[in-house]
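Inside the fold
The lines below spell out each chain.
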Amino acid sequence: MSILKRSLYTRWFLLIFSLGILILILWNTYLLFQTFKHEERVKMEIWAESYKSINNADKNTDISLPLSVLSKNTTIPIILTFDTDSISNTSNLPEETATDKTLQRRLLNDLKSQNTPIEIQHPSGNQYVYYGNSSLITKLKYYPLALIAILSLFGLLVYSYFRATKMSAESKLWAGMAKETAHQIGTPLSSLLGWIEIMKLDNVDENIVDEIQKDVDRLQTIADRFSKIGSEPNLELLNIVEETKKSFDYLQSRSSKQIEFEFETNTDIVNLMLNPTLHSWTIENLIKNAIDAIKGKGKIKVEIKNNENNLQILVSDTGKGIPKNQFKKVFEPGFSTKKRGWGLGLSLTRRIVEKYHKGSIRVLKSEIGKGTVFSVLYRKLI
């Protein structure tokens, strides 16, 4: 058995064992409180019977025990009323209720629904003793909710822990794959650079050499991008309009002539802290996503809006559109509507925008069969 599997099994065993102990403790505590609740109910019944005994006693009846029971009651709320339902006396009421007639009347209505009143026969008119649950029983009735809350909290903590662990493992995996990809690309790149120098010495057509040089430089940029995944990139104060236009122009020159490209901006210079390599990756991923959406024919527009407190980059297309329930899913690793690909483009884009450049990205709007607009928002420097 591998160390990874052994560690996973150990973690699950400790989790299940801890959960079992927690459930056992909560169950025993619940039974204990149920016992307390039953005993408290019995005390209330004894108190009610004592009151009835005194009420029904004659001159020869020994009422010392019932009186002792009544005198020791400090938790059962009592309201004494006349036939007319007017309150004549109270006992063991909360401090704020004891001095407020409105609250007493409200409590009386509650007591009527809890227990049958004790009738006291009197020559001047019968009286009724209304009594309710003791303060302890009132508290105990909420205890099952507390147990459920504890179990829910435990479940939430476990879920958060495993989610964080899974995300951390996935992040390390993607970072490792990215760095390995950069390393693998580096070897043939070195050879290609050497061949370009040989082509220059052999007086090969300069236009051909220049185009090859551009693509090799592009491969170097891609390798540099992958090498930066998983590490904190260096940020520079750069003109984001110019950096965005560079990526736009590169993809426009290498895309189908059936695609209509448009670039629009209401400003020429906005300086932000950027990593140029990663920012170009952001723009290219969004444009390539738009190219896939329009399936090689349609219109793609990149628009830069310089607002008072932020700068917004809009990438729109006239493609197939995205269902509203997938607006957030498109940024999840592995999510893809294409048969080919790993579904990492938009996930990496969000990571670059939000983690490295402290911005935000979302699907601004989309209509099936009409197109989609992605929005990237950066806070401007003050």
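Everything here concerns the structure above.
Residues numbered from 1 in each chain as written. Predicted model: local features only at pLDDT ≥ 70, side-chain atom pairs only at ≥ 80, totals over all residues. Heavy atoms only, no water.

What to know about the overall build of the protein
Put simply, the test is: Only DSSP runs of H or I covering at least 4 residues are called helices, and only runs of E covering at least 2 are called strands; the numbering of each starts at the N terminus. Think of it in three bands: residues with accessible area under 20% of the maximum for their type are buried, residues over 50% are exposed, and the middle band is partly exposed, with areas taken using a 1.4 Å probe on protein chains only. The contact definition used throughout considers only heavy atoms, calling two residues in contact when any of these lie within 4.5 Å. Surface accessibility follows the Shrake-Rupley procedure with a 1.4 Å probe radius. Residue values consider only the protein chains on display as shielding.
Looking only at helices and strands, the protein has 10 helices and 11 strands in total. With 382 residues in all, the protein has 32% of them scored as buried. Within the protein, contacts between residues at least 6 apart in sequence are counted, and of these 66% link residues at least 24 apart. For the protein, the accessible area works out to roughly 24300 Å², and carbon and sulfur atoms hold 57% of it.

Section: the sheet that holds strand β2 (residues 87-91)
Quick reminder of the rule: Paired strands, in this sense, are two strands between which DSSP finds at least two bridges. Whenever a helix is involved, its axis is fitted only over the stretch in contact; in every case the axis is a line through C-alpha atoms, and angles between N-to-C directions fall within 0 to 180 degrees.
The antiparallel open sheet is built from four strands, whose spatial order is β2-β1-β4-β3. Strands at the two margins of the open sheet, each flanked by one partner only, are β2 and β3 (118-120). Here the average twist between neighbouring strands, direction ignored, is 20 degrees. In the sheet, strand β1 (residues 78-82) pairs with β2 via four bridges, with the strands oriented antiparallel. Bridge pairing in β2 places Ile-78 opposite Ser-91. Contacts between helix α4 (residues 101-114) and the sheet are confined to β1, β2 and β4 (127-131), with β1 contributing the most and set at about 95 degrees to the helix.

So, the sheet that holds strand β10 (residues 360-367)
A sheet is described by the order of its strands in space; here five strands give the open sequence β6-β8-β9-β11-β10, paired in mixed fashion. Strand pairing shows two members of the sheet lacking a second neighbour, β6 (259-265) and β10, which therefore form its edges. Between one strand axis and the next, the sheet turns by 15 degrees as a mean value, whatever way the strands run. Bridge count between β10 and strand β11 (residues 371-379): seven bridges; the pairing is antiparallel. When the bridges of β11 are listed, Val-363 appears paired with Phe-374.

Some remarks on the environment of Asn-306
Residue position: Asn-306 is located in strand β8 (residues 298-306). For the pair Asn-306 and Val-270, spaced 36 residues apart in sequence, the C-alpha to C-alpha distance is 7.8 Å. Aside from chain neighbours lying at most four places away, what touches Asn-306 is Asn-266, Thr-267, Val-270, Leu-311 and Lys-380.

Overview of the packing of aromatic side chains
Put simply, the rule reads: Here a Phe, Tyr or Trp ring, Trp counted by its six-membered ring, pairs with any other such ring whose centre lies within 6.5 Å, and the pair is stacked when the planes are under 30 degrees apart, edge-to-face when over 60, and tilted otherwise. Charges are assigned to positions over rings by a cutoff of 6 Å between ring centre and Lys NZ or Arg CZ, combined with an angular limit of 35 degrees from the ring normal.
Evaluation of the coordinates by the stated rule reveals three aromatic pairs. On the numbers, 5.7 Å between centres and 80 degrees between planes, the contact of Phe-248 with Phe-261 is edge-to-face. Pair noted here: Phe-248 is in helix α8 (residues 240-253) and Phe-261 is in strand β6, with a separation of 13 residues, a long-range link. There is no split in this pair, since Phe-248 and Phe-261 are both buried. Consider the rings of Phe-248 and Phe-263, whose centres lie 5.3 Å apart with planes at 50 degrees: the pair is tilted. Of this pair, Phe-248 sits in helix α8 while Phe-263 sits in strand β6, and the two are 15 residues apart along the sequence. Phe-263 sits in the partly exposed class, given a relative accessible area of 21%. The ring of Phe-263 has Lys-245 lying over it, and the distance from NZ or CZ to the ring centre is 5.5 Å.

A closer look at unusual backbone geometry
Even without a glycine there, the phi angle at Lys-358 is positive, about 55 degrees. For Lys-358, the position within the fold is in the loop between α10 (345-356) and β10. A residue is classified by how much of its surface remains accessible, and Lys-358, at 63% relative accessible area, is exposed.

Quick word on the pairing of β1
Of all five residues making up β1, four are buried, and the element is well covered by its neighbours. Note: β1 against β4, five bridges, orientation antiparallel. Within β4, the residue paired with Ile-78 across the bridge is Tyr-131.

Description of the pattern of salt bridges
Short version of the rule: Here, a salt bridge means any Lys or Arg side-chain nitrogen found within 4 Å of an Asp or Glu carboxyl oxygen.
Scanning the model with the defined rule gives seven salt bridges in all. Beyond isolated ion pairs, a larger network of salt bridges with shared partners links Glu-262, Glu-264, Lys-299, Lys-301 and Glu-303.

A word on the packing of α8 against helix α9 (residues 276-294)
The cut-off we apply is this: Convention used here: angles under 35 degrees read as roughly parallel, angles over 145 as roughly antiparallel, angles from 65 to 115 as roughly perpendicular, and any remaining angle as oblique. Less than a right angle of anticlockwise turn of the near helix away from the far helix marks a crossing as left-handed, whereas a clockwise turn marks it as right-handed. Residues were grouped as follows: Ala, Val, Leu, Ile, Met, Phe, Trp, Tyr, Cys and Pro as nonpolar; Asp, Glu, Lys and Arg as charged; and all remaining residues, including Gly, as polar.
The contact between α8 and α9 brings their axes to 9 Å, and the two run at 50 degrees. Taken together, the axes of α8 and α9 lie oblique to each other. Crossing of α8 against α9: the hand is right-handed. The segment α8 lies against α9, with Ile-240, Glu-243, Thr-244, Ser-247, Phe-248 and Leu-251 engaging Pro-276, His-279, Ser-280, Ile-283, Glu-284, Ile-287 and Lys-288. Split by residue class, the contact of α8 with α9 holds six nonpolar, four polar and three charged.

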